[in-house]
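# Analysis of the macromolecular model
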Amino acid sequence: MTNKPRFPIFVPSKGRYKTPYTIRALQGLGVDFSIVVEKQEEREYRKIAKGANVIVLPHQDKGLTVTRNWIWDHAQSIGAEYFWTFDDNIENFWRLHKNMKHKIRTPAFLRAIEDFAYRYKNLYITGMEYEMFVPRKIKIPPFRLNTRVYSNMLIKTDIPYRNELFYNDDTDLCIRVMKDGHPTCLFIAFLANKKTTMVVKGGMTEYYKKTNHRREFAEELRRAHPDIVKIVWKYGRWHHKVDYSEFKRNILIRKESAEESQGVNNYGMKLRKL
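Reference entry: report on the structure contained in this document. If you're wondering where the values come from, they're calculated on a predicted model, not measured in any experiment.

Moving on, we come to the packing of aromatic side chains. For the structure shown, the criterion picks out 21 aromatic pairs. With 5.9 Å between their ring centres and 45° between their planes, phenylalanine 109 and phenylalanine 190 make a pair best called tilted. You can see phenylalanine 109 sitting in helix α4 (residues 108–118) and its partner phenylalanine 190 sitting in strand β10 (residues 184–194), a full 81 residues away along the chain. Phenylalanine 190 shares its class with phenylalanine 109; the two are buried. Following the ring pairs from residue to residue traces out a cluster consisting of Trp84, Phe86, Phe93, Phe109, Phe116, Tyr120, Phe143, Phe187 and Phe190. Geometry around tryptophan 238 places arginine 215 over its ring, the cationic atom sitting 4.2 Å from the centre.

In structure tokens form, the structure reads like this:
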């Protein structure tokens, strides 16, 4: 069995060719992927691509939502059944094994997530939790259903959705999918180590800085979903807080053609001390 991902990977990036965290992380895993950039930065990104495909957008300065939808349309145009999108500020990836975190040096975890998602006819969005949100040495399940997935998303291409909001498009997308009765899946067995929002220049950072301590960032989602979103103040700034409890009845529906797993499949991953 191959341990390489089967679906295309896209990394939309802007203003971060000097701090290409996700690009370096994926290059280190040895996977094929595409960097999606605006025309004015094409030359700089090609300098660091090192074999990665560079796709130039037909638009400029329209924000991440427009770019994510363009990637979605592009994935559909090339016949991809699913596709990955990764934010460009993910430093590395981790595996949670027996309540301890271990840095991943193989792309096998992406294939494992893909194979899991592919078993279910109604699982449209899958991804990984942030490493910072999972404390070590605490027993925790390998995945959680019916919650937000963002910054790294495996999306079923032909679903009747697109990103809509400017700041919270990924959270809003997950909520709309769940409101329609479909589950989402957030992996905890595999984790993404993402840089804290607004720490790295580029991307959406300048847009966030223009808001009133991120109040508008939070209010946008509350306006879209006032039934389950409220605004709270914590960590010195405004945040949105979503009540996902109403989605707990969204269950996974297995495909009739899905094969039953036999034993434990580690996809060739081995724990080694380096």
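Next up on the list: the pairing of strand β5 (residues 90–97). In the sheet, β5 pairs with β10 via five bridges, with the strands oriented antiparallel. For arginine 95, the partnering residue across the bridge sits in β10 and is phenylalanine 190. Here four bridges tie β5 to strand β6 (residues 100–103), and the two strands are oriented antiparallel to one another. Paired with arginine 95 across the bridge in β6 is histidine 102. Following β5, the chain reverses through two residues before pairing antiparallel with β6; lysine 98 in that reversal takes a positive phi of roughly 55°.

Relative orientation of the contacting elements helix α1 (residues 21–29) and helix α2 (residues 42–49) amounts to 30°, with a least axis distance of 11 Å. When the interaxial angle is binned, α1 and α2 end up roughly parallel. Crossing handedness for the pair α1 and α2: right-handed. On α2, the residues touching Ile23, Arg24 and Gln27 of α1 are Tyr45, Ile48 and Ala49. Residue composition of the contact of α1 with α2, by class: four nonpolar, one polar and one charged.

Thresholds applied
Residues numbered from 1 in each chain as written. Predicted model: local features only at pLDDT ≥ 70, side-chain atom pairs only at ≥ 80, totals over all residues. Heavy atoms only, no water. Phe/Tyr/Trp six-rings, centres within 6.5 Å; stacked < 30°, edge-to-face > 60°. Helix = DSSP H or I, 4+ residues; strand = E, 2+ residues; numbered from the N terminus. Buried < 20%, exposed > 50% of the residue type's maximum accessible area, 1.4 Å probe, protein only. Lys NZ or Arg CZ within 6 Å of the ring centre and 35° of its normal. Pairing = 2+ DSSP bridges. Axes fitted to C-alpha atoms, helices over the stretch in contact; angles between N-to-C directions. Parallel < 35°, antiparallel > 145°, perpendicular 65-115°, else oblique. Left-handed = near helix turned anticlockwise from the far one by under 90°. Contact = heavy atoms within 4.5 Å. Nonpolar A, V, L, I, M, F, W, Y, C, P; charged D, E, K, R; others polar.

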